[in-house]
Amino acid sequence: MVDKPNPILIDVPEQLETERLLLRMPAVGDAQSITEGIHESLPELQRWMPWAGDGQTLIETEIVLRRAITSFLLRESLTYRLIRKQDGQFVGASSVFNFDWTVMRCEIGYWQRTSMSGQGYVTETVNALTDFAFETLSAQRVEIRCEGSNRRSAAVAERAGYTLEARLRNHRRNPLGELADTLIYSKIAQEYVS
Amino acid sequence: MSDQPLLLDIPDQLETDRLLLRPPRAGDGPVINAAIQESLPELRLWMPWAYEGQTLEQSETFARESAAKFTLREMLNFMLWRRVDMQFVGMCGMFDFNWSIPSCEIGYWQRTSMSGQGYVTEAVNALTDFAFETLGAQRVQIRLGADNHRSAGVAERAGYTLEGTLRNTARNIARDNQLEAVRVYARIPEK
C-alpha cells in the first residue's frame, strides 16, 4: 500500500528563474500590475478564460491573489507570476494545479499579456514548470488542456514537447456559451529529459 | 437545458429487450452483496471499491445512498434485472454530471456468471439513449483502465469512440499500485 504523501510538507520554491524571467509566488500588493495586464488583454482572455468575465477591479484581483497565496501554501495550486528580468515588467501567470498526489500527476495552465505574446515567454515558463514538476514534485504525468480551437495555447504545448493524447468532443462550453472540445496534451516521466 | 436537475422528470424504471433497470433502494443490500461476492476475483482487479471486498452493511449503505443520490440527480445508478426470471445481472450508473453541457459518465459491472451475454452492452445502450433523449446530453463518456479489455469491448459494442489513452493517469491497487493508462471513450449525439 503506497503511503499517501503529505504535499504540505514538500518544499516548493517561492521563486524560479529562467533565462529571461522570474517566476514568483504571488504576494499581497501585486494586484495593480495584474489588473492592468488583465485589462490590456481582456478581449483575448475573455474568449478563452472563464474567469476573465468583464475584467476585474483592483479589489477583485487582490481577493483572487490572496486566495492564490493560500492555495500555494496548502499545495492545492501553485500560481507563479511571470516577471521579465530585464525591466521587471509583468508578463503573465502560470499555475501548476489539479494535483493527484497518489500518482503523482498535475496540470499546467497559463495566460500572458497580449502585448507580450509572440516572444516565447510562455513556452519558456512551461518548460521551467515542467522541469519543476518532474524533478521537485516527482510527477509521473503533467497535463496541459485547452479548448479545441485555441491554436495559440496548443502551439505552446507542442513547442514544450507535449504529446496530444485526446480530443474530448463536446466536453465544455466556452466563454461564448458554445459547445467546444477539450484537447489533452501530456508529458510522462518515461519520456522526460531534463 | 435545465440547470435545475432536481426538477427533471426521470422514470423510476427503464426496460430493454431482456432487462429491467431500476435504481437501488433500501433492502437491496443482500442481492447486490451476493453478486459482488460471487464476482469478487474479477471485480477487485478493476474496481478500487471492491479491492478489499465488501460487507453486507457496505452494500446496503450503497443501496440507500444510491436512492438518495438518484432523487438529487447527483448519480443515477440502475440495478439490471433479467426480466425472464428477475435474476440480478449487475449495475450500470450515470455520474459526474455537468449540467451546463449537459454531459455525464457511465460506469458498469456485472456478475461474472452472467457475462458474455451482452446484458451490460444492452444496458449501456439504453442509458446512453436515455441520456441523449431525456437528459438532452451532448456527451456521454466511459473511462476504463487500458488493460481492461472486457470493459473496452462493452464500450465499443455500444458504439462509443475511443478518444484517447491518458498515460500514467492512475495507480491500480490490485496490481501493486502500478501506473496505469486510462482510456476515454465517448458518444455524442448524431448530427
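Predicted model, so just to flag it, every value in this text is computed and none were measured.

Rules used in this analysis
Residues numbered from 1 in each chain as written. Chains lettered and ligands numbered in written order. Predicted model: local features only at pLDDT ≥ 70, side-chain atom pairs only at ≥ 80, totals over all residues. Heavy atoms only, no water. Contact = heavy atoms within 4.5 Å. Buried area = accessible area lost by both parts, 1.4 Å probe. Salt bridge = Lys/Arg side-chain N within 4 Å of Asp/Glu carboxyl O. Polar contact = N/O pair within 3.5 Å; in protein donor to acceptor, adjacent residues only side chain to side chain. Helix = DSSP H or I, 4+ residues; strand = E, 2+ residues; numbered from the N terminus. Nonpolar A, V, L, I, M, F, W, Y, C, P; charged D, E, K, R; others polar. Buried < 20%, exposed > 50% of the residue type's maximum accessible area, 1.4 Å probe, protein only. Phe/Tyr/Trp six-rings, centres within 6.5 Å; stacked < 30°, edge-to-face > 60°. Lys NZ or Arg CZ within 6 Å of the ring centre and 35° of its normal. Patch = residues over 30% accessible without salt bridge, like charges linked within 9 Å, V, L, I, M, F, W, Y side chains within 5 Å. Areas by Shrake-Rupley, 256 points an atom, 1.4 Å probe, with all protein chains shown as cover. pLDDT = per-residue confidence, 0-100. Axes fitted to C-alpha atoms, helices over the stretch in contact; angles between N-to-C directions. Parallel < 35°, antiparallel > 145°, perpendicular 65-115°, else oblique. Left-handed = near helix turned anticlockwise from the far one by under 90°.

S.K.: Help me understand the interface of chain B and chain A in this model?
M.R.: Reports often express the size of an interface as the amount of accessible area lost when the parts come together. On the chain A side, the residues contacting the 23 residues of chain B number 25 residues. In this assembly, chain B packs against chain A so that about 2000 Å² is buried in total across both faces, 48% of it on carbon and sulfur atoms. Put simply, Glu165(A) and Arg167(B) hold a salt bridge, and the shortest N to O gap is 2.8 Å. Applying the counting rule to chain B against chain A returns 16 residue pairs in polar contact (both at pLDDT 80 or more). Mapped onto the side of chain B that touches chain A, the elements with two or more residues apiece are strand E6 (139-145), strand E7 (161-172) and strand E8 (178-187) of chain B. A per-element tally of the side of chain B that touches chain A places E7(B) first, with ten residues. Broken down by class, the residue content of the side of chain B that touches chain A amounts to nine nonpolar, nine polar and five charged.

S.K.: Would you take a moment to explain the pattern of salt bridges for this structure?
M.R.: Side chains that differ in sign of charge can pair as their charged atoms come close. Residues and elements named next belong to chain B. For the coordinates displayed, the defined rule picks out 27 salt bridges over all chains. In this structure, Glu122 engages Arg18 in a salt bridge whose closest nitrogen and oxygen atoms are separated by 2.7 Å. Of the two residues, Glu122 is situated in helix H3 (residues 119-133) and Arg18 in the loop between strand E1 (14-15) and strand E2 (19-22); the sequence distance between them amounts to 104 residues. The exposure class assigned to Arg18 is partly exposed, which follows from its relative accessible area of 31%. Glu60 is the partner of Arg64 in a salt bridge, and the nearest nitrogen-oxygen pair spans 2.7 Å. A residue pair is termed a helical-turn pair when its members lie 3 or 4 positions apart in one helix, as Arg64 and Glu60 do in helix H2 (residues 56-72) at four residues.

S.K.: Can you help me understand the packing of aromatic side chains in this one?
M.R.: How two aromatic rings sit relative to each other is set out by the distance from centre to centre and by the angle between their planes. For the structure on display, the rule yields eleven aromatic pairs over all chains. Measuring from centroid to centroid gives 5.8 Å for Phe90(A) and Trp111(A), while their planes differ by 65°, and the two rings are edge-to-face. With Phe90(A) in strand E4 (residues 90-100) and Trp111(A) in strand E5 (residues 105-112), this residue pair connects regions lying 21 residues apart in the sequence. Taken individually, Phe90(A) and Trp111(A) each receive the classification buried, so the pair is uniform in this respect. Connected via pairs of aromatic rings, a cluster forms that spans Trp49(B), Trp81(B), Phe88(B) and Trp109(B). Seen from the ring of Trp48(A), Arg47(A) lies directly overhead, with NZ or CZ sitting 4.0 Å from the centre.

S.K.: What am I meant to see in the side chain of Glu163(B) here?
M.R.: Looking at where Glu163(B) falls in the secondary structure, it is placed in strand E7. For Glu163(B), a relative accessible area of 11% gives the class buried. A polar contact of 2.8 Å, which involves the side chain of Glu163(B), links it to the side chain of Arg139(B). Once residues lying within four places of it in the same chain are set aside, the contact partners of Glu163(B) are Glu165(A), Ala166(A), Arg167(A), Leu168(A), Arg169(A), Arg139(B), Val184(B), Tyr185(B) and Ala186(B).

S.K.: So what exactly am I meant to see when it comes to a nonpolar patch on the surface here?
M.R.: All names here are of chain A. A cluster of nonpolar side chains, Ile8, Leu9 and Leu74, forms an exposed patch at the surface whose accessible area comes to about 300 Å². Inspection of the secondary structure assignment puts Leu74 in helix H3 (residues 58-74). Given the relative accessible area of 43%, Leu74 is considered partly exposed.

S.K.: Help me out: how do you make sense of the confidence of the model for chain B in this one?
M.R.: Close inspection of predicted coordinates is inappropriate for parts of the model with low pLDDT. Residues at a pLDDT of 70 or more form 98% of chain B, whose mean pLDDT is 95. Our summary of model confidence lists the complex with pTM equal to 0.93 and ipTM equal to 0.93.

S.K.: What exactly am I supposed to notice about unusual backbone geometry here?
M.R.: Trans is the prevailing form of peptide bonds, just as negative phi is the prevailing case for residues other than glycine. That bond from Val103(A) to Met104(A) is cis: its omega, 0°, falls within 30 degrees of zero. Along the chain, Met104(A) turns up in the loop between E4 and E5. In the segment running from Ile101(B) into Pro102(B), the intervening peptide bond is cis, with an omega of -15°. Its place among the elements puts Pro102(B) in the loop between strand E4 (87-98) and strand E5 (103-110). Notably, Asn170(A) is not glycine yet its phi reads approximately 50°, a positive angle. Position of Asn170(A) among the secondary structure elements: in strand E7 (residues 163-173). Judged by relative accessible area, which is 13%, Asn170(A) ranks as buried. Positive phi values are uncommon outside glycine, yet Asp176(B) reaches one of about 60°. Structurally, Asp176(B) is set in the loop between E7 and E8. What makes Asp176(B) exposed here is its relative accessible area of 71%.

S.K.: Help me understand the packing of helix H1 (residues 31-40) of chain A against H3(A) in this model?
M.R.: The relative placement of two packed helices is expressed as an angle between their axes plus a distance between the axes. Residue and element names in this part refer to chain A. Look at H1 against H3: their axes get within 9 Å of each other, and the N-to-C directions meet at 115°. Here H1 is positioned roughly perpendicular relative to H3, judged by the angle of their axes. Handedness of the crossing formed by H1 with H3: right-handed. Counted together, Ala31, Gln32, Ile34 and Thr35 of H1 and Leu58, Thr61, Glu62 and Leu65 of H3 form the full contact between these two elements. In terms of residue class, the contact of H1 with H3 is built from four nonpolar, three polar and one charged.

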